[in-house]
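Topology and contacts: notes
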Amino acid sequence: MELNDTLEHQPQASGATKKVFVKTYGCQMNVYDSQRMSDALAAEGYLPTEAIEDADLVLLNTCHIREKAAEKVYSELGRIRKLKAERARDGRETVIGVAGCVAQAEGDEIIRRAPVVDLVIGPQTYHRLPEVVRKARTGEKVVETEYAIEDKFEHLPAPARKVVRSRGVTAFLTVQEGCDKFCTFCVVPYTRGSEVSRPVSQIVAEAERLAEAGVREVTLLGQNVNAWHGEGPDGGEWGLGRLLFRLAEIPGLARLRYTTSHPRDMDDALIEAHRDLPALMPYLHLPVQSGSDRILKAMNRKHTAVDYLKLIERIRDARPDIAMSGDFIVGFPGESDEDFEATLRLVREVTYAQAFSFKYSPRPGTPGAELALQVEENVKDERLQRLQALLNEQQKAFAESLAGREIDVLLEKPGREAHQKVGRSPWLQPVIVDEKAGEIGDIVKVRITKAGSHSLFSEPV
Ligand code: SAH
Ligand code: SF4
Ligand code: F3S
């Protein structure tokens with residue numbers, strides 16, 4: 001800890017401090033990775049900045065999941081080209097880097113399309129970032145997208161305690177990466193590689209460090225987080241359920257969450273953790289994508305709609321107040337009106353507290369993109385609107401059902417108004433709380449007075 005605490009005060013060699021601007025797209029795993037990259041660069045003498053025009057190094061941590069996400073990067077690079085030219089006129093060097101899933105998927109193609117880019121680095125090699133930046137500063141274009149043999153997490157420096165503190169009382173912790181499931185619409189198995197679980201000892205040590213720095217809530221991350229497995233200190237094979245019990249023993253950690261889980265990997269031990277572990281929050285993101293068995297099969301999800309409904313029944317038996325969240329895709333190739341109606345039926349049956357829905361986006365290299373019977377854009381639009389109307393209604397009804405109830409809120413930050421603080425409900429909703437209710441990091445009891453469109457309002461009890 002001491003060692004890391006001093007790192008950020010010792011910009012190396014070149015003397016003057018350099019600045020890095022990191023922009024993050026995509027999922028929470030990218031948010032986590034951006035922090036780890038910033039930590040690695042801090043050890044190299046780069047301090048983070050929020051002002052892109054002050055940055056000696058600009059890093060875009062990108063997402064490839066849908067076409068729109070991937071294309072955003074190129075419009076951003078267009079703006080950055082002008083910025084780099086302006087800085088060059090003042091004699092200032094700017095290194096431009098692309099990291100993340102677009103980097104992994106497109107590699108040197110990015111430099112061909114956007115010559116302003118100096119370095120491209122894939123998610124599996126972030127521990128080599130300092131070396132890659134050094135090389136890029138000599139004027140060489142660097143593309144680092146090979147899967148590393150060594151474990152990047154072992155080589156990435158831990159953040160200084162005060163850096164953790166500055167990031168707040170909640171934190172992400174990636175425990176699993178990659179995916180072996182190959183859903184036919186999805187790029188993740190290609191951009192993140194095959195499923196890898198981090199060892200128990202590494203995860204526990206990181207969670208302990210977070211807790212020591214004041215973190216109260218940890219969200220375990222993975223593209224298939226509930227496929228996580230590892231050897232426990234007892235020599236036995238642990239799954240995510242067992243790991244959650246271990247993490248709940250860490251002093252200071254009051255709340256645990258995990259995301260994203262796959263229906264096929266919800267085992268009994270994990271469902272029991274929802275029943276028996278008070279620290280595990282009653283909120284579960286469990287994407288289903290579609291309610292039609294025909295489409296689920298074409299998507300290679302390897303379960304039926306009834307399998308999913310039965311699973312949720314078991315989870316709700318174990319933890320009756322659990323709030324369900326999900327992901328949906330409309331307009332997968334071959335999706336008929338009837339298939340779409342099946343999705344609406346499933347949504348009505350489950351009742352979601354929160355959900356994310358997308359129009360199918362054909363991705364290069366995935367089997368789905370090759371399928372005949374691509375659904376027309378206007379049909380996708382119409383289906384998305386209908387689905388979102390239903391999901392919004394359910395989300396609103398869930399929030400309103402909390403009015404009048406006393407709930408625990410973890411205070412996270414000051415509110416917009418001086419007399420307010422903002423916290424989170426067990427179900428992930430922002431809650432506006434009276435400033436005097438407690439300190440940031442406290443878990444306080446409040447009574448919900450009403451549900452707004454994005455947050456809950458409360459009064460002290
Ligand atoms: N591992 C998670 C999902 C990760 S991707 C799971 O299996 O559920 C996050 C979400 O993006 C997916 O759940 C899906 O709803 C959406 N998504 C992925 N590929 C997509 C595509 N090609 N078009 C539209 N949405 C997509
Ligand atoms: Fe993509 Fe399917 Fe893997 Fe999720 S399980 S990351 S949707 S391939
Ligand atoms: Fe996007 Fe990669 Fe995450 S494609 S959703 S950033 S794993």
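One structure accompanies this document, and this report is about it. (Residues numbered from 1 in each chain as written. Chains lettered and ligands numbered in written order. Predicted model: local features only at pLDDT ≥ 70, side-chain atom pairs only at ≥ 80, totals over all residues. Heavy atoms only, no water.)

Observations concerning the nonpolar core
Grouped together as the largest cluster of nonpolar side chains are 57 residues, with contacts concentrated most on Leu220, Tyr258 and Tyr352. The contacts of Tyr258, once residues within four sequence positions are left out, are Thr219, Leu220, Val225, Leu240, Leu244, Met266, Leu270, His274, Leu280 and Leu284. In this structure, Ala69, Val98, Ala103 and Ile110 belong to the second largest nonpolar core, which totals 24 residues. (Core = buried A, V, L, I, M, F, W, Y, C linked by side-chain atoms within 4.5 Å. Buried < 20%, exposed > 50% of the residue type's maximum accessible area, 1.4 Å probe, protein only. Contact = heavy atoms within 4.5 Å.)

Some words on the sheet that holds strand β13 (residues 255-259)
Spatial ordering of the open sheet is given by β7-β10-β13, a layout of 3 strands whose pairing is parallel. The outermost strands of the open sheet, each flanked by one partner alone, are β7 (170-174) and β13. Across the sheet, the mean angle from the axis of one strand to that of its neighbour is 25 degrees, orientation sign disregarded. Its contacts with the sheet place helix α2 (residues 28-42) against β7, β10 (217-221) and β13, and it is angled at close to 95 degrees to β7. Across the sheet, helix α10 (residues 200-212) lies against β7 and β10, angled at about 165 degrees from β7, the strand it touches most. (Pairing = 2+ DSSP bridges. Helix = DSSP H or I, 4+ residues; strand = E, 2+ residues; numbered from the N terminus. Axes fitted to C-alpha atoms, helices over the stretch in contact; angles between N-to-C directions.)

Here we look at the site of ligand 3
Close to ligand 3 lie Cys27, Asn30, Thr62, Cys63, His64, Ile65, Cys101, Arg192 and Gln223, which account for all nearby residues. Across the shell around ligand 3, the residue classes break down as 4 nonpolar, 4 polar and 1 charged. (Near = heavy atom within 4 Å. Nonpolar A, V, L, I, M, F, W, Y, C, P; charged D, E, K, R; others polar.)

Some thoughts on the packing of aromatic side chains
Inspection of every chain in the model, using the stated rule, returns 5 aromatic pairs. Considering the side-chain rings of Tyr32 and Phe153, the 6.4 Å spacing of their centres and the 50 degrees angle between planes classify their relative orientation as tilted. Of this pair, Tyr32 sits in helix α2 while Phe153 sits in helix α7 (residues 152-155), and the two are 121 residues apart along the sequence. Like Phe153, Tyr32 is buried. Residues Phe332 and Tyr360 carry aromatic rings whose centres are separated by 5.3 Å and whose planes lie at 70 degrees to one another, so their mutual orientation is edge-to-face. Of this pair, Phe332 sits in the loop between β15 (323-330) and α15 (337-350) while Tyr360 is found in the loop between β16 (354-359) and α16 (367-370), placing the two residues 28 residues apart along the sequence. (Phe/Tyr/Trp six-rings, centres within 6.5 Å; stacked < 30°, edge-to-face > 60°.)

Remarks on the pattern of salt bridges
Counted by the stated rule, this structure contains 40 salt bridges. The salt bridge partner of Glu44 is Arg134, with a shortest N-O separation of 2.8 Å. Highlighted residues: Glu44 in the loop between α2 and β2 (46-48) and Arg134 in helix α6 (residues 129-137), separated in sequence by 90 residues. A salt bridge links Glu208 to Arg246; its shortest N-O distance comes to 3.7 Å. Residue Glu208 is found in helix α10, and its partner Arg246 is found in helix α11 (residues 240-248); the two are separated by 38 residues along the sequence. Exposure remark for Arg246: the relative accessible area of 21% places this residue in the partly exposed category. The structure contains a network of salt bridges with shared partners spanning Asp33, Lys152, Glu177 and Arg192. (Salt bridge = Lys/Arg side-chain N within 4 Å of Asp/Glu carboxyl O.)

Concerning the packing of helix α12 (residues 268-276) against helix α14 (residues 305-318)
Here α12 crosses α14 at 35 degrees, and the two axes come no closer than 8 Å. Contacts between α12 and α14 involve Asp268, Ile271, His274 and Arg275 from the former and Leu311, Arg314, Ile315 and Ala318 from the latter. Among the residues making up the contact of α12 with α14, the classes are represented as 4 nonpolar, 1 polar and 3 charged.

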